[in-house]
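A look at the structure
One letter stands for each residue in the lines below.
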Amino acid sequence: MARALQLARQGLYSTDPNPRVGCVIVRDGQVVGEGWHQRAGEPHAEVHALRMAGDRARGATAYVTLEPCSHHGRTPPCADALVKAGVARVVAAMQDPNPQVGGRGLQRLRDAGIDVVCGVLEAEARELNPGFIKRMEGGLPFVRIKLAMSLDGRTAMTSGESQWITGPAARADVQRLRARSSVVLSGADTVLVDKARLTVRGEELGLEPSLAALALQRPPLRVLIDGRLRVPLEAPFFQAGPALVATLDDTCAARYRAAGHELLALAGHERVDLPALLAALGARGANEVLVEAGPRLAGAFAAQGLVDEYRIYFAAKLLGSSARPLLELPLERMAEARELRILDMRAVGDDWRITAQPVAH
Ligand code: AOF
Ligand code: ZN
């Protein structure tokens, strides 16, 4: 199963909106087939592994990181393919949260007399597809917010200058975060001041060329929150390709459409309604949303409890007390403090990276 998870990880940048899935087929203690799902519309992991195994699949054990599917989607059911190949045993890491499958794949295997086990390395398998799981269970994408700060918790000088706080290794890490996401989202301030494009650049990914090529075939949707349409269509952000703009009023939709962009009106109280935007993105099949925004928009996501994971990059610099804070989150009392649980902390080049999740109360 550990090997199947390793194979599944190769699909980190390309399977979207499908989950990342890997499969290993073992017979008499030897690996006879391996596969991973590469792209939506293409064969599932099990089909690749069965093709490699050929006749050797008969009587073998298949290890799969997700319950084999039972439905006819863009491809036929993997459960049927495993039965037909004569596999004796199937070990799955987790049930498929897709309501079209939801246990029916495992049941179909059992009905065919196959020995089935589910739940092996389940935590690792769930970690691979946080967005797919969250969207299948409730329709909403998994929201990850990326922040870069100095050791004294500052993100930008009062001049607005905020680029290049962290070094090249951290920037490559952020490129990979973008590439694995369905959506990369920012606000008008960041796009105007930093001239951010929010694109994925193949040469900066630091990936094996074949995986980088797969990633570039499925770039994330770039979403701009711009309530008052302050970012001109001539900005580098719009020049970099088609984008979705969440705004308060879409009377200018035709002008944006003519330039290749889409306008979505989602008015809350004078602000773009963030939960409604996330619901709309989930409905379009977005699994993981990466928020790369300034202190105000990042603070709004945090204040509304919309963040599933923080990725905070620390640079060994002090920006001083007149620089802007990481988040605009005006809290008064210790009792209001937001508690996070740190999942991972590691060096990335000369910088440090923390991955943390909010503690649910
Ligand atoms: C598997 N193995 O490798 C994957 C599975 O449209 P389709 O046919 O590609 O089906 C997509 C659904 O199939 C997806 O939502 C999920 O439930 C399942 N993905 N299942 O047995 C795989 N990628
Ligand atoms: Zn399948």
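Residue positions are given per chain, counted from 1 along the sequence in the order it is written. Whichever chain is written first becomes A and whichever ligand is written first becomes 1, with later ones labelled in order. Local features in a predicted model are, by the rule used here, given only for residues with pLDDT of at least 70; side-chain atom pairs are given and counted only at 80 or more, and totals for whole chains, interfaces and linings are based on all residues.

1. Brief notes about the site of ligand 1
Residues are classed as near a molecule or strand if the C-beta position derived from their backbone is within 6 Å of it. Around ligand 1 sit 18 residues, and of these Val 21, His 44, Gly 73, Arg 74 and Asn 98 come closest. Residue composition of the shell around ligand 1, grouped by class: nine nonpolar, six polar and three charged. Three classes are used, and their members are as follows: Ala, Val, Leu, Ile, Met, Phe, Trp, Tyr, Cys and Pro are nonpolar, Asp, Glu, Lys and Arg are charged, and the others, Gly among them, are polar.

2. A short note on the nonpolar core
Core analysis: the biggest nonpolar cluster contains 50 residues, and Val 183, Leu 224, Val 289, Val 291, Ala 298 and Phe 301 have the highest contact counts within it. Note that contacts rest on C-beta atoms placed from the backbone: two residues are in contact if these are within 7 Å. If near-sequence neighbours (up to four positions away) are discounted, Leu 224 is found in contact with Ser 186, Ala 188, Val 191, Val 231, Phe 237, Ala 243 and Val 245. Working definition: the nonpolar core is a set of buried Ala, Val, Leu, Ile, Met, Phe, Trp, Tyr and Cys residues, joined through C-beta atoms within 7 Å. Put simply, a residue is buried when 20 or more other C-beta atoms lie within 10 Å of its own C-beta and exposed when 12 or fewer do; between those, it is partly exposed, and each C-beta is set from the backbone.

3. Here's the deal with the sheet that holds strand E9 (residues 221-225)
Here the rule is simple: two strands pair whenever DSSP picks up at least two bridges between them. Where helices and strands are cited, they refer to DSSP runs of H or I of at least four residues and of E of at least two residues respectively, numbered from the N terminus. The nine strands lie next to each other as E11-E10-E9-E8-E12-E6-E13-E16-E15, forming an open sheet whose pairing is mixed. At either end of the open sheet lies a strand with only one pairing partner, and these are strand E11 (262-265) and strand E15 (340-348). For this sheet, the mean angle separating the axes of adjacent strands, direction not counted, is 20 degrees. Bridge count between E15 and strand E16 (residues 351-358): eight bridges; the pairing is antiparallel. When the sheet's bridge partners are listed, Leu 340 is paired in E16 with Pro 358. In this fold helix H12 (residues 274-283) packs onto strand E6 (142-150), strand E8 (183-187), strand E10 (243-247), E11 and strand E12 (288-291), with an angle of close to 140 degrees to the strand it touches most, E12. Here an angle of 0 to 180 degrees is reported between the N-to-C directions of two axes, which are lines fitted to C-alpha atoms, with helices fitted over the stretch in contact.

4. Observations concerning the environment of Asp 194
Its location among the elements puts Asp 194 in the loop between helix H8 (188-193) and helix H9 (209-216). When the 20 C-beta atoms within 10 Å are taken as the criterion, Asp 194 is described as buried.

5. Examining helix H13 (residues 295-303)
For an α-helix, 3.6 residues make a turn, and residues three or four places apart therefore share a direction. Among the residues of H13, Pro 295, Leu 297, Ala 298, Ala 300, Phe 301 and Ala 302 are the ones counted as buried. Within two residues after H13, Gly 305 carries a phi angle of roughly 65 degrees, on the positive side.

6. Details of the pairing of E16
Taken together, the five bridges between strand E13 (residues 309-315) and E16 define a ladder with antiparallel strand orientation. Opposite Ile 312, over in E16, you have Ile 354 as the bridge partner. Hairpin remark: E15 followed by E16, antiparallel, with two residues in the connecting loop; positive phi at Gly 349, about 60 degrees.

7. Describing helix H4 (residues 104-111)
The complete set of buried residues in H4 reads Arg 104, Gly 105, Leu 106, Arg 108 and Leu 109. Lining the buried residues of H4 we find helix H3 (78-84), strand E4 (89-92) and strand E5 (115-118). Looking one or two places after H4, you find Gly 113, whose phi comes out positive at around 85 degrees.

8. Regarding unusual backbone geometry
A cis amide bond links Asp 16 to the next residue, Pro 17, at an omega of 5 degrees. Looking at where Pro 17 falls in the secondary structure, it is placed in the loop between helix H1 (2-9) and strand E1 (22-27). Positive phi outside glycine occurs at Lys 195, with the angle close to 55 degrees. Assignment of secondary structure puts Lys 195 in the loop between H8 and H9. Residue classification places Lys 195 among the exposed residues on the basis of 11 C-beta atoms within 10 Å. With a phi close to 60 degrees, Leu 198 is a non-glycine residue in the positive phi region. Position of Leu 198 among the secondary structure elements: in the loop between H8 and H9. Take Leu 198: there are 25 C-beta atoms within 10 Å of it, and that puts it in the buried class.

So yeah, pure geometry; function would need other evidence.
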